[in-house]
Amino acid sequence: ALMLSRYESEFLELGRIGVGEFGAVYSCVKRLDGCMYAIKRLRRPLAGSANEQLALKEVYAHAVLGHHPHVVQYYSAWAEDDHMIIQNEYCDGGSLLDVITEKKEQGEFFREPELRDLLLQVSMGLKYIHTSGLVHLDIKPSNIFICHRPSASTDEAGDSEEEDDGYPSSGVVFKIGDLGHVTSTSSPQVEEGDSRFLACEVLREDYTHLPKADIFALGLTVLLAAGAAPLPQNGDEWHRLRQAELPSLPQELTAPLSNLIQMMLDPDPAARPSASALCKHPVLCRERSG
Ligand SMILES: Cn1cc(CCO)c2c3c(c(-c4ccccc4Cl)cc21)C(=O)NC3=O
């Protein structure tokens, strides 16, 4: 077309980093600021269709959720050439699923200190989403993205007490992404996420404890990072996982962490800890023990 699209004029496309029925995600450099961005382009959904609802909910959610170190940052969204485009923060470390897969190929998995760090960071992101009156509803490894800490300068302040800057000593920052299933806690229009991570009560359309469905999915996500076998999509094993039976793991977790994860998977959503409770749970606190 004579008129370059905003996408082509504002960005240099480096490569495709994801593809699915939704469309494709590209890593791009914005010509003006020289920064990298992750840009999802999807064919414009039919006006009034469910897909349009999903696409709009994602942009609404990003607009409501301002800045948080553990939620992927939204920059802009627009429509052109029969496509919808969303420009997000680019996380340079791939997704948690990529890292779990890479480790598994080497017979490796996340060890307890890394599991606690993962759980604490994602809990902070969930606390922010939940206190904003929203629920994610599609928490899983492929929707958690990783940023590697910029090289720590020597004068870097240590971990601040309250307002966590999201940069733990390890230098790895986990961020919740893909807000395509986000809905409001009070007046939910639930679009079920991945059935492998779906809490039983949501399947039964009980939406009275939706934030606890995110906690359930996070519990399964942490177990996968700990080396659990791939999760069932349905069937007996699916139900067994929802009777608070932890799957077998290739490592022995300490009782405090194992009990905490078991609580996150409790069949009764009210018994699961809230994201806020997880953020101050002694098992996860970074305060030096003793
Ligand atoms: C497949 N894929 C790979 C990546 C890069 C990980 O190193 C990625 C990102 C995003 C997204 C994404 C997810 C859902 C909606 C919009 C976007 Cl841009 C998808 C991504 C996103 O919002 N930020 C990303 O880094």
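Here the structure is a predicted model, which is why all the values come from computation and not from measurement.

**Re a nonpolar patch on the surface**
A cluster of nonpolar side chains, contributed by L12, L14 and M36, occupies part of the molecular surface with about 250 Å² of accessible area. Along the chain, L14 falls in strand 1 (residues 11-20).

**Digging into the side chain of K175**
With respect to the element layout, K175 can be found in strand 8 (residues 172-176). Those residues within four positions of K175 in sequence are excluded, and the remaining contacts are P69, H70, V71, V72, E89, C91, N143, I144, F145 and C147.

**Comments concerning the pattern of salt bridges**
Following the criterion strictly, the structure yields eleven salt bridges and no others. Close ionic contact of R116 with E112 constitutes a salt bridge, the shortest N to O distance being 2.8 Å. With R116 and E112 both in helix 4 (residues 112-131), this residue pair falls four residues apart, about one helical turn. Accessibility expressed as a relative area gives 25% for R116, which makes it partly exposed. What makes E112 buried here is its relative accessible area of 12%. For K140, the salt bridge goes to D194, with nearest N and O atoms at 3.0 Å. Linking K140 in the loop between strand 6 (134-135) and strand 7 (144-148) with D194 in the loop between strand 9 (183-184) and helix 5 (200-203), this pair joins segments that are 54 residues apart in sequence. Take D194: its relative accessible area is 15%, and that puts it in the buried class. Beyond isolated ion pairs, a larger network of salt bridges with shared partners links R6, E10 and K30.

**A few points about the sheet that holds strand 4 (residues 74-80)**
Within the open sheet, the five strands sit side by side as 1-2-3-5-4. Their pairing is antiparallel. For this open sheet the edge positions go to strand 1 and strand 4, each flanked by a neighbour on one side alone. For this sheet the average axis-to-axis angle between neighbouring strands, irrespective of direction, equals 25 degrees. When strand 2 (residues 23-30) meets strand 3 (residues 36-43), the two strands line up antiparallel, connected through six bridges.

**Digging into helix 6 (residues 210-225)**
Because each turn of an α-helix spans 3.6 residues, side chains separated by three or four positions in sequence point in the same direction. Between the first and last C-alpha of helix 6 there are 23 Å, a value that for 16 residues agrees with the 22 Å anticipated at 1.5 Å per step. Most of helix 6 is tucked away: 15 of the 16 residues are buried. G227 lies just past helix 6 and shows a positive phi near 105 degrees.

**Some remarks on the confidence of the model for the chain**
Mean pLDDT over the chain: 91, with 91% of residues reaching 70 or higher. Scored below 50 in pLDDT, residues 154-163 shows five contacts in the model against residues more than four places distant or in partner chains. The ipTM value of the predicted complex is 0.99, and its pTM value is 0.92.

**Things to note about the packing of aromatic side chains**
Aromatic ring pairs: the centre-centre distance and the angle between the two ring planes describe each pair. Enumeration over the complete set of coordinates arrives at five aromatic pairs. Ring geometry for F11 against W78: centres 6.1 Å apart, planes inclined by 10 degrees, an arrangement best described as stacked. Within this pair, whereas F11 is found in strand 1, its partner W78 is found in strand 4, the two being separated by 67 residues in sequence. Take F11 and W78: they sit in the same class, and that class is buried. An aromatic cluster of at least three residues, connected via ring pairs, comprises Y7, F11, Y26, Y37, Y75 and W78. The ring of Y7 has R41 lying over it, and the distance from NZ or CZ to the ring centre is 4.9 Å.

**Quick notes on helix 8 (residues 255-264)**
Where helix 8 is concerned, the buried positions are L257, S258, L260, I261 and M264. Each buried residue of helix 8 lies within a common arc of 160 degrees when the element is viewed along its axis, so the set occupies one face. Looking at the buried side of helix 8, the elements it contacts are helix 4, helix 6 and helix 9 (275-279).

**Here's the deal with the pairing of strand 4**
Two strands pair when backbone bridges link them, and strand 4 and strand 5 (residues 83-89) are joined in this way by six bridges, in the antiparallel orientation. Of the residues in strand 5, the one forming a bridge with A79 is M84.

**What about unusual backbone geometry?**
In most cases, non-glycine residues show a negative phi, while peptide bonds are predominantly trans. We note that D81 has phi near 45 degrees; this positive angle belongs to a residue other than glycine. Assignment of secondary structure puts D81 in the loop between strand 4 and strand 5. Residue E205 is not a glycine yet carries a positive backbone phi of 60 degrees. Inspection of the secondary structure puts E205 in the loop between helix 5 and helix 6. We classify E205 as exposed; its relative accessible area is 58%.

What counts as what
- Residues numbered from 1 in each chain as written.
- Predicted model: local features only at pLDDT ≥ 70, side-chain atom pairs only at ≥ 80, totals over all residues.
- Heavy atoms only, no water.
- Patch = residues over 30% accessible without salt bridge, like charges linked within 9 Å, V, L, I, M, F, W, Y side chains within 5 Å.
- Areas by Shrake-Rupley, 256 points an atom, 1.4 Å probe, with all protein chains shown as cover.
- Salt bridge = Lys/Arg side-chain N within 4 Å of Asp/Glu carboxyl O.
- Helix = DSSP H or I, 4+ residues; strand = E, 2+ residues; numbered from the N terminus.
- Contact = heavy atoms within 4.5 Å.
- Buried < 20%, exposed > 50% of the residue type's maximum accessible area, 1.4 Å probe, protein only.
- Pairing = 2+ DSSP bridges.
- Axes fitted to C-alpha atoms, helices over the stretch in contact; angles between N-to-C directions.
- Expected span 1.5 Å × (residues − 1).
- pLDDT = per-residue confidence, 0-100.
- Phe/Tyr/Trp six-rings, centres within 6.5 Å; stacked < 30°, edge-to-face > 60°.
- Lys NZ or Arg CZ within 6 Å of the ring centre and 35° of its normal.
- Arc of directions from axis to C-beta.

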